[in-house]
Amino acid sequence: MNKISETYQSPRWTGEIADCSLPVTFDTYSNCSFGCVYCFSQYQRGIGASKEAYLNKDVKCINVEKCKKIFSGEDTKSQFYKYIKDRRPIQYGGLSDQFDGYEKKYGKTYEMLKYLKSINYPICFSTKSAWVFNDPKYQELFKGADNWNVKFSIITLDEEDARKIEVGVPSPRKRLEAMKKYTELSKGGATLRLRPFIVGVSDKTYLDLIREAKKAGATAVTTEFFCLEMRSIKQAKEHYDVISECAGFDIVDFYRKHSNGSGYLRLNRKVKAKYIQKMKELCDELGMRFYVSDAHFKECSNNCCCCALDKNWDYSRGNFSGALQIAKKHGRVHWKDIEKDMYFLDFERNKAVGFNTNTSEARAKYAGMTMKDYLHYLWNSPKAGQSPYKIFEKVLKPVGFDENNDIIYEYDNSVTFLKRTEEITELETEEARHV
């Protein structure tokens, strides 16, 4: 076996922990052999002290034996102990693709998955790869692993656009064929991961892509719109030029015109609405579950797990996406409705493994808070960027305080096309986790 440094740290807590139902994310490698020009990881990893190593494709991997101790429960001091002890599903493939060219060379994902299958651990994968689903060794791993769900990332059916934008990635057709092959091996479920949705590129074929995914055995679609990182514009310009060529217009100018704020640019709700509505309508017609990872229109998701796991999976409901689903159903939501499923967030926020704690000023502000305390603070700080009010762009509005002086949020029909018509009802707290 080829030699590689086994010093890469995984698992980690996702930076989207406030509204994520799969807060524990796992990667085998510190780098990715694919060269997708839209990849957000290159802007996270391609800056600071790690810049040269990342851009030069230097790669490290996990220490499989150490990771086994986390998943076996032997490492009782791990921040992930409570989460993993209760066999909550993890997201495998957050910053890298676990089935890329590095896996062909080093095989560390295979080693890890052999163990995870032996303990029947639930996993939600994300991949652009195809070869593993035709390799007998990996086929044997996936065969009968009915608690392994796979999201296949495909952003367009256009072969030429895909070749230019997703460098080194199998063609869209090969990924659809891999999806079909996977569904023959496992009942864990296949999802079309139409992320990132790039206006000018994805909208040429997106409805046909959903139909083709259905034919290939997908039971769900998850989408999220491309965000443009202006803070890395110098190193990203060449990549954005490629996207602009495929889109037929200057993508940077488009985002400047149709985004609020500066730095990390997200398209406004008005631009996204027509695409989200058409995708949801088509999924409803085809009998597919639909999910929006984008904070805008996340209320359109079938449940709070935007990675498209169905309601029978034991993903976390203790987050703001869980609160959004409760409010969509009952009209209002309280902090007490979601806090019960935050029992595993009792570690110090500023020492969260892999979590970006931002500036020294922010670390001082949140010193001494557990991660649960931090989310409680955000809940009661509607002006904060990651509060339920701001993160979903006012779909949840503060309307008062409960007996514990925690804010009560209400679903606001005026902000979204997805209206609720039922009377407002109070949710029994004991039921909250299962909504």
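Our subject is the structure listed above.
Residues numbered from 1 in each chain as written. Predicted model: local features only at pLDDT ≥ 70, side-chain atom pairs only at ≥ 80, totals over all residues. Heavy atoms only, no water.

1. Re the overall build of the protein chain
Within the protein chain one finds 18 helices and 16 strands. Taken against the 2.2 N^0.38 rule, which gives 22 Å for 435 residues, the C-alpha radius of gyration of the protein chain at 21 Å falls within 12% of a compact globule. Put simply, 70% of the contacts in the protein chain that link residues at least 6 apart link residues at least 24 apart. Of the roughly 18,700 Å² that the protein chain leaves accessible, carbon and sulfur atoms contribute 47%. Charge centroids of the protein chain, computed over 70 positive and 60 negative side chains, lie 2 Å from each other. (Helix = DSSP H or I, 4+ residues; strand = E, 2+ residues; numbered from the N terminus. Rg over C-alpha atoms; globule rule 2.2 N^0.38 Å. Contact = heavy atoms within 4.5 Å. Areas by Shrake-Rupley, 256 points an atom, 1.4 Å probe, with all protein chains shown as cover. Lys, Arg positive; Asp, Glu negative; His and termini not counted. Charge placed at Lys NZ, Arg CZ, Asp CG, Glu CD.)

2. As for the pattern of salt bridges
In this structure the tally under the stated criterion is 28 salt bridges. The salt bridge involving Glu-65 is made with Lys-68; its shortest N-O contact spans 3.3 Å. Of this pair, Glu-65 and Lys-68 both sit in helix H3 (residues 64–72), three residues apart, which is roughly one turn of that helix. Judged by its relative accessible area of 23%, Lys-68 is partly exposed. (Salt bridge = Lys/Arg side-chain N within 4 Å of Asp/Glu carboxyl O. Buried < 20%, exposed > 50% of the residue type's maximum accessible area, 1.4 Å probe, protein only.)

3. Details of the sheet that holds strand S9 (residues 220–225)
Reading across the sheet, the eight strands line up as S1-S2-S4-S5-S6-S8-S9-S13 and stay open at both edges, with mixed pairing between neighbours. Of all the strands in the sheet, just strand S1 (12–13) and strand S13 (289–292) have a single pairing partner and so form its edges. Note: S9 against S13, four bridges, orientation parallel. Within S13, the position partnered with Ala-220 by the bridge is Arg-289. (Pairing = 2+ DSSP bridges.)

4. Here we look at the sheet that holds strand S16 (residues 407–411)
Reading across the sheet, the three strands line up as S14-S16-S15 and stay open at both edges, with antiparallel pairing between neighbours. The outermost strands of the open sheet, each flanked by one partner alone, are strand S14 (332–333) and strand S15 (396–401). By the bridge criterion, two bridges tie S14 to S16 in an arrangement that is antiparallel. In the strand pairing of S16, Val-333 is matched with Tyr-409.

5. Examining the environment of Ala-162
Here Ala-162 lies in helix H8 (residues 159–165). In the structure, Ala-162 is positioned 39 residues away from Val-201 in sequence and 9.1 Å away in space, judged by C-alpha atoms. Among all residues touching Ala-162, those that are not within four sequence positions of it are Thr-156, Pro-172 and Arg-175.

6. A closer look at helix H11 (residues 233–247)
Given a rise of 1.5 Å per residue, 15 residues ought to cover 21 Å, yet the end C-alpha atoms of H11 are separated by just 18 Å, more than 12% below that figure. His-239 marks where H11 bends most, by close to 35°. By the burial criterion, the buried members of H11 are Ala-236, Tyr-240, Ile-243, Ser-244, Cys-246 and Ala-247. Positive backbone phi, approximately 90°, marks Gly-248, located one or two places after H11. (Expected span 1.5 Å × (residues − 1). Bend = angle between axes of the 7 residues up to and from the residue.)

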